[in-house]
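Architecture and fold: a report
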Amino acid sequence: MAYSRIYENIYTFQVIVPTNYVAGSKRFFDPCPELANKKVVGISLSYDKITIGGIGALYVTIKDKKQNILLQNYPAQDLDDSNGTTNFRLRLFNYSDIDLNNSYFFIQGASIVGPATIFNFNFYLQ
Amino acid sequence: MLQPVIESTYLVEVNLGTIGVQKRTNFQFVPQLEGTEIYAIQSFSGTDLTLSPNGSTVATTAGLAACTVTFVIGDDEKIYTLPLSDLRSANIYGFQRMFKNLKINLTKSYITIQTTTGLSNNDSILINFIYRPRK
């Protein structure tokens, strides 16, 4: 039941986990001016240099500019967009003021955090 | 099946402690969810998530199938012994199971272990509540 997803504007935000990352510690995202005044209608995750086990222990908290918590400890695995399985569904949102710089992630489990771990958030904009 | 447009989410972890058949484990008080309208709920297994936010082992897919959840609305057990497997997105074509604006009394709601097959002591059950914040 895969379906096509064609959006006018998709912004991919890359996150590089530093080599000295301590498992379980909060790590705030870099500022993302590209999202300013944009409506986010979908979020997906893609990754390369992180293990599938790492994604399974990756949690994301996203706030808006009023410091309201939109997503609290959201499992990043649920946003996964890279394994091509037919049961994937793009998670839908309707956010207009995401404050990525005050949002954060953490990865539980030291053994699964490798050096220069990279993952990407794809923001579907409207 | 419809897909919800997500407004807010809160991931609740319920640690089962020492497991036993017919053991009930109540949810903790979550102030963020008090009085909110919950319109979608999903669960996860150890196949989806390797470690919980607290670093606990997540119940396996078989372990999830061995548990049910009862959600209390007011004082009534309106959703009674719902299989947790039925809330797992991977089991329902990737969808998030939707409900009609439930105001759940979380501390009276509980998870029941129907059989200990696939479960271990101190496994965690993770349930993601998708809700509409209080205005």
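Data block above holds the structure.
Remember, predicted model here, so these are calculated numbers, not experimental data.

**Description of the pattern of salt bridges**
Residues and elements named next belong to chain B.
- In total, this model carries 6 salt bridges over all chains according to the counting rule given.
- The salt bridge involving R132 is made with E37; its shortest N-O contact spans 3.1 Å. In this pair, R132 is assigned in strand 9 (residues 124-132) and E37 in strand 4 (residues 37-44), connecting sequence segments 95 residues apart.
- A relative accessible area of 24% means that R132 is categorised as partly exposed.
- Salt bridges sharing partners connect three or more residues here, namely E7, E37 and R132.

**Let's talk about the interface of chain A and chain B**
- Contacts between chain A and chain B engage 26 residues on the former and 28 residues on the latter.
- Both sides of the chain A and chain B interface together cover about 2100 Å² of buried area, and 52% of this is carbon and sulfur.
- Counting across the chain A and chain B interface gives 0 salt bridges.
- Seen at the junction of chain A and chain B, the total is 16 residue pairs in polar contact (both at pLDDT 80 or more).
- Mapped onto the side of chain A that touches chain B, the elements with two or more residues apiece are strand 5 (69-75) and strand 6 (91-95) of chain A.
- By the bridge criterion, 2 bridges tie strand 5 of chain A to strand 2 (residues 8-15) of chain B in an arrangement that is parallel.

**Overview of the nonpolar core**
- One finds I98, F119, F121 and F123 of chain A to be the most contacted residues of the largest nonpolar core, which totals 42 residues.
- Look past the residues within four positions of I98 of chain A in its chain and what remains in contact with it is L35, V40, I62, K63, D64, K65, L70 and F123 of chain A.

**A short note on the packing of aromatic side chains**
- A complete count under the given rule lists 13 aromatic pairs over all chains for this structure.
- Ring geometry for F29 of chain A versus F105 of chain A: centroids 5.4 Å apart, planes at 40°, classification tilted. Of the two residues, F29 of chain A sits in the loop between strand 2 (27-28) and strand 3 (40-47) while F105 of chain A sits in strand 7 (residues 104-107), which places them 76 residues apart along the sequence. Of the two residues, F29 of chain A and F105 of chain A, neither departs from the other in class, the shared state being buried.
- One Lys or Arg, R89 of chain A, reaches over the ring of F95 of chain B and ends 4.3 Å from the middle of that ring.
- Over the ring of Y39 of chain B we find R132 of chain B, and its NZ or CZ is 4.6 Å from the ring centre.

**What about the layout of surface pockets?**
- Computed from the structure, the second largest pocket encloses a volume of approximately 260 Å³.
- Elements represented by at least two residues in the lining of the second largest pocket include exactly strand 5 and strand 6 of chain A together with strand 1 (5-6) of chain B.

**Observations concerning unusual backbone geometry**
Residue and element names in this part refer to chain B.
- Its identity is not glycine, yet T81 carries a phi of approximately 45°, on the positive side.
- Structurally, T81 can be placed in strand 6 (residues 76-83).
- The partly exposed category is assigned to T81, whose relative accessible area is 28%.
- Of note in this structure, N101 is not a glycine but carries a positive phi near 45°.
- Mapped onto the elements, N101 comes out in strand 7 (residues 97-102).
- You can call N101 partly exposed: its relative accessible area is 34%.

Criteria and thresholds
Residues numbered from 1 in each chain as written. Chains lettered and ligands numbered in written order. Predicted model: local features only at pLDDT ≥ 70, side-chain atom pairs only at ≥ 80, totals over all residues. Heavy atoms only, no water. Salt bridge = Lys/Arg side-chain N within 4 Å of Asp/Glu carboxyl O. Helix = DSSP H or I, 4+ residues; strand = E, 2+ residues; numbered from the N terminus. Buried < 20%, exposed > 50% of the residue type's maximum accessible area, 1.4 Å probe, protein only. Contact = heavy atoms within 4.5 Å. Buried area = accessible area lost by both parts, 1.4 Å probe. Polar contact = N/O pair within 3.5 Å; in protein donor to acceptor, adjacent residues only side chain to side chain. Pairing = 2+ DSSP bridges. Core = buried A, V, L, I, M, F, W, Y, C linked by side-chain atoms within 4.5 Å. Phe/Tyr/Trp six-rings, centres within 6.5 Å; stacked < 30°, edge-to-face > 60°. Lys NZ or Arg CZ within 6 Å of the ring centre and 35° of its normal. 1 Å grid on protein atoms, 1.4 Å probe; cavity = no way out; pocket = protein on both sides within 12 Å on 5 of 7 lines; lining within 4 Å. Points joined across faces, edges and corners; volume = space filled by probe spheres on them.

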